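Below are the chains, spelled out letter by letter.
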Amino acid sequence: LAAEVLPHGHARARAVITALGEIAAAAGEPALSPARIDLAFEVWVDAADHLRLDQALAMGRNLHARMRATWSAISLSLSLMRSGSPEESDQVLAAQIASTAARASDLALLWDQRGIAALGAGWERHGRSYLGRALLYGSADSAVVLARLDLAAGELDGARVGFRAVLHENPSSDWARRGWGLALLPLNTGPAASPPTSW
């Protein structure tokens, strides 16, 4: 009840953490109602957005342990990355992927997040590999990220292939259109052009 009526902030987050702990300690581990799940998730996101990461992780770990869902794994991964725990973030996603007999769209989202998190941690080889797995499950987002990596590395042919494939499926993709345009420009390997002396 306190979590429902308190304004966003420390007190509300503490109320949710306490309630989740009391529910977990109750005999038979009662299931959370959809309304309580939504409330706990809302408070979790608010704590993460305001960088109250200890609170966010306390709620996130509890909810994910109960739900074992794609949304809870991805949200916990994001909170862990924000807290500077890339290894644990990767473990959460790896465990969810291994346990998922889910739709291809769920696997695409999980591999996408794992790849982006790996890139954020500086693990480019793993990140590319994970994004490639996401591509196998139909992720257009991973294709854009991989093409962007090629563009940044000066691999224009690879970047064009990636952006072209995304644009073929979704011509309105803003990131793919921007990337495609940049990939069409020649690399500037020579000295900078002199400004015109007269107009």
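See above for the structure.
Residues numbered from 1 in each chain as written. Predicted model: local features only at pLDDT ≥ 70, side-chain atom pairs only at ≥ 80, totals over all residues. Heavy atoms only, no water.

A. The arrangement of the overall build of the protein in detail. Summing up its helical and strand segments, the protein has 11 helices and 0 strands in all. Helices and strands appear in the protein in the N-to-C order α-α-α-α-α-α-α-α-α-α-α. Within the span of the protein, comprising 199 residues, buried residues form 40% of the whole. With the model as given, the accessible surface of the protein reaches about 11,600 Å², and the carbon-plus-sulfur share is 58%. (Helix = DSSP H or I, 4+ residues; strand = E, 2+ residues; numbered from the N terminus. Buried < 20%, exposed > 50% of the residue type's maximum accessible area, 1.4 Å probe, protein only. Areas by Shrake-Rupley, 256 points an atom, 1.4 Å probe, with all protein chains shown as cover.)

B. Quick look at the nonpolar core. In terms of nonpolar packing, the biggest core is built from 30 residues, with Val16 and Met59 touching the most fellow members. Residue assignment for this core shows that the elements contributing at least two residues are α2 (10-25), α3 (34-49), α4 (53-67), α5 (70-82), α6 (86-99), α7 (104-120) and α8 (124-136). At 7 residues, the largest contribution of residues to this core is made by α3. Ignoring sequence-local partners within four residues, the contact set of Met59 consists of Ala13, Val16, Ile17, Leu20, Ala40, Val43, Trp44 and Ala47. If you look at the next biggest cluster of nonpolar residues, it comprises 11 residues, including Ala147, Phe163, Leu167 and Ala176. (Core = buried A, V, L, I, M, F, W, Y, C linked by side-chain atoms within 4.5 Å. Contact = heavy atoms within 4.5 Å.)

C. Here's a closer look at the pattern of salt bridges. Tallied over the entire structure, the rule returns 9 salt bridges. Put simply, Arg12 and Glu42 hold a salt bridge, and the shortest N to O gap is 3.4 Å. Of this pair, Arg12 sits in helix α2 while Glu42 is found in helix α3, placing the two residues 30 residues apart along the sequence. Arg177 is the partner of Asp174 in a salt bridge, and the nearest nitrogen-oxygen pair spans 2.5 Å. Note that Asp174 and Arg177 are positioned in helix α11 (residues 174-184) at a spacing of 3 residues, about one turn of the helix. Classification of Arg177 by relative accessible area gives partly exposed; the value is 45%. One connected set of salt bridges, linked through shared partners, spans Glu124, Arg128 and Asp150. (Salt bridge = Lys/Arg side-chain N within 4 Å of Asp/Glu carboxyl O.)

D. Main features of the packing of aromatic side chains. A full pass over the atoms with the stated rule returns 3 aromatic pairs. A centroid spacing of 5.6 Å and a plane angle of 40° characterise the contact between Trp111 and Tyr130, whose relative ring orientation is tilted. Pair noted here: Trp111 is in helix α7 and Tyr130 is in helix α8, with a separation of 19 residues, a long-range link. In this pair, the class of Trp111 matches that of Tyr130, namely buried. Positioned above the aromatic ring of Trp175, the side-chain terminus of Arg178 is 5.2 Å from the ring centre. (Phe/Tyr/Trp six-rings, centres within 6.5 Å; stacked < 30°, edge-to-face > 60°. Lys NZ or Arg CZ within 6 Å of the ring centre and 35° of its normal.)

E. Looking closely at the environment of Asp150. On the secondary structure map, Asp150 appears in helix α9 (residues 140-152). With 12 residues separating them in the primary sequence, Asp150 and Gly162 have C-alpha atoms 8.7 Å apart. With sequence-adjacent residues up to four places away left out, Asp150 is seen in contact with Arg128, Glu155, Gly158 and Ala159.

F. Local environment of unusual backbone geometry. Positive phi, close to 60°, is recorded for Leu51, a residue that is not glycine. Structurally, Leu51 is set in the loop between α3 and α4. One non-glycine residue with positive phi stands out, namely Arg68, at about 45°. Among the structural elements, Arg68 can be located in the loop between α4 and α5.

G. Broad picture of α3. Compared with an ideal rise of 1.5 Å per residue, which puts 16 residues at 22 Å, α3 spans 22 Å between its outermost C-alpha atoms and is within 8% of the ideal. What α3 keeps buried is the set Ile37, Leu39, Ala40, Val43, Trp44, Asp46, Ala47 and Ala48. Remark: Leu51 follows α3 within two positions and exhibits a positive phi of approximately 60°. (Expected span 1.5 Å × (residues − 1).)

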